[in-house]
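# Examination of the molecular architecture
For reference, the chains in residue letters:
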Amino acid sequence: MSVPHTPPAPVLTRRADAETCSDPSSVMTLLADSDAGAGGFTSYRSTFAKGAAGAPAHFHTRASELFFVIGGSLRVLVGEEVTVLEEGDFLAVPPHTPHAFAAAPDCEADVLFVFTPGMGRFDYLRLLGRVMRGEADPKEIAESSERFDNHYVDSPVWRAALEGSA
């Protein structure tokens, strides 16, 4: 006997209704989270101040992370390669691939992020904002790595890029 398949409902997030999280260097607009009914994806938009740090080297075990640069320039690490994405560029990073990102030097960046399959990540983004503002202990990020499928790794290539020697 087959079980009827119910397709997920459409997701619409109006700009005026979207929650925002901010830290000293970026503003994240939370668009759709699988925990809130988005189903197969999670999406948010981040605007980074000039040269702002984004995320240190990390990987995900269960999701691909998609990047679409709406404006500005985003410096990214994928595996052991550092490159700059420009307005209109798209990048898909598969699971288990170390990656990192930051606004390119002397540039702002406006980026749409999508994770698929989706998983609840908005609480992670809220936690990041609290840590960056000094309202939460950074240890909470490490303690949440399994819950949010965010596993940090050391990347000498990324460190060198951020220090300006790459």
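Provided above is the structure to which this section pertains.
Heads up: these notes are all about the structure in this document. (Residues numbered from 1 in each chain as written. Predicted model: local features only at pLDDT ≥ 70, side-chain atom pairs only at ≥ 80, totals over all residues. Heavy atoms only, no water.)

### Points about the side chain of T42
- Along the chain, T42 falls in strand β3 (residues 42-48).
- One polar contact links the side chain of T42 to the main-chain amide nitrogen of S34, over a distance of 3.4 Å.
- One polar contact links the side chain of T42 to the main-chain carbonyl oxygen of M119, over a distance of 2.7 Å.
- Apart from the residues lying within four places of it in its own chain, the contact partners of T42 are A32, D33, S34, F113, V114, F115, G118, M119, R121 and F122. (Helix = DSSP H or I, 4+ residues; strand = E, 2+ residues; numbered from the N terminus. Polar contact = N/O pair within 3.5 Å; in protein donor to acceptor, adjacent residues only side chain to side chain. Contact = heavy atoms within 4.5 Å.)

### Focus: the pattern of salt bridges
- One pass over the structure, following the stated rule, counts 6 salt bridges.
- Between R45 and D110 there is a salt bridge, with the nearest N and O atoms lying 2.5 Å from each other. Placement of R45 in strand β3 and of D110 in strand β9 (residues 109-116) is noted, with a sequence separation of 65 residues between them.
- For D123, the salt bridge is made with R147, and the minimal N-O distance between the two is 3.1 Å. Of this pair, D123 sits in helix α1 (residues 122-132) while R147 sits in helix α3 (residues 145-148), and the two are 24 residues apart along the sequence.
- A cluster of three or more residues bridged by salt bridges with shared partners is formed by E19, D123, R126 and R147. (Salt bridge = Lys/Arg side-chain N within 4 Å of Asp/Glu carboxyl O.)

### What about the side chain of D149?
- For D149, the location among the structural elements is in the loop between α3 and β10 (151-152).
- An unpaired buried charge is present at D149: no salt bridge exists, and R62, the closest side chain of opposite charge, is 4.2 Å distant.
- A polar contact is formed between the side chain of D149 and the backbone nitrogen of R62, at a distance of 2.7 Å.
- Ignoring anything within four residues of it in the chain, the contact list for D149 reads F59, H60, T61, R62, A63, M119 and R121. (Buried < 20%, exposed > 50% of the residue type's maximum accessible area, 1.4 Å probe, protein only. Lys, Arg positive; Asp, Glu negative; His and termini not counted.)

### Here we look at unusual backbone geometry
- Backbone torsion omega between T116 and P117 reads -5°, so that peptide bond is classified as cis.
- Position of P117 relative to the elements: it lies in the loop between β9 and α1.
- The residue D106 is not glycine, and still its phi comes out positive at about 60°.
- Looking at the element boundaries, D106 is found in the loop between β8 (99-103) and β9.
- On the basis of relative accessibility, which here comes to 66%, the residue D106 falls in the exposed class.
- In this structure, D149 is a non-glycine residue whose phi angle is positive, near 55°.

### Focus: the packing of aromatic side chains
- Per the counting criterion, the structure on display carries 7 aromatic pairs.
- Note on Y44 and F115: the rings are 6.4 Å apart at their centroids and 20° apart in plane angle, and the pair reads as stacked. Of this pair, Y44 sits in strand β3 while F115 is found in strand β9, placing the two residues 71 residues apart along the sequence.
- Y44 sits in the buried class, given a relative accessible area of 5%.
- Through a chain of ring-to-ring contacts, three or more aromatic side chains come together here, namely Y44, F48, F67, F101, F113 and F115.
- Cation over ring: R75 sits above W158, and NZ or CZ is 6.0 Å from the ring centre. (Phe/Tyr/Trp six-rings, centres within 6.5 Å; stacked < 30°, edge-to-face > 60°. Lys NZ or Arg CZ within 6 Å of the ring centre and 35° of its normal.)

### Quick notes on the environment of F115
- Judged by relative accessible area, F115 falls into the buried class, the value being 1%.
- With 11 residues separating them in the primary sequence, F115 and R126 have C-alpha atoms 16 Å apart.
- When neighbours within four sequence positions are excluded, F115 is seen to be in contact with G40, F41, T42, Y44, H60, A63, S64, E65 and R121.

### Remarks on the layout of surface pockets
- Here the largest pocket defines a volume of roughly 390 Å³.
- Together, 28 residues line the largest pocket, and G54, A55, P56, F101 and L128 are the ones closest to its centre.
- Secondary-structure elements contributing two or more residues to the lining of the largest pocket are β2 (26-32), β3, β4 (53-59), β8, α1 and α4 (156-163).
- Looking at the lining of the largest pocket, its residues break down into 18 nonpolar, 7 polar and 3 charged.
- In this structure, the second largest pocket occupies an estimated 170 Å³ of space.
- In terms of lining residues, the second largest pocket is bounded by T13, R14, R15, A18, V27, T29, L31, R45 and T47. (1 Å grid on protein atoms, 1.4 Å probe; cavity = no way out; pocket = protein on both sides within 12 Å on 5 of 7 lines; lining within 4 Å. Points joined across faces, edges and corners; volume = space filled by probe spheres on them. Nonpolar A, V, L, I, M, F, W, Y, C, P; charged D, E, K, R; others polar.)

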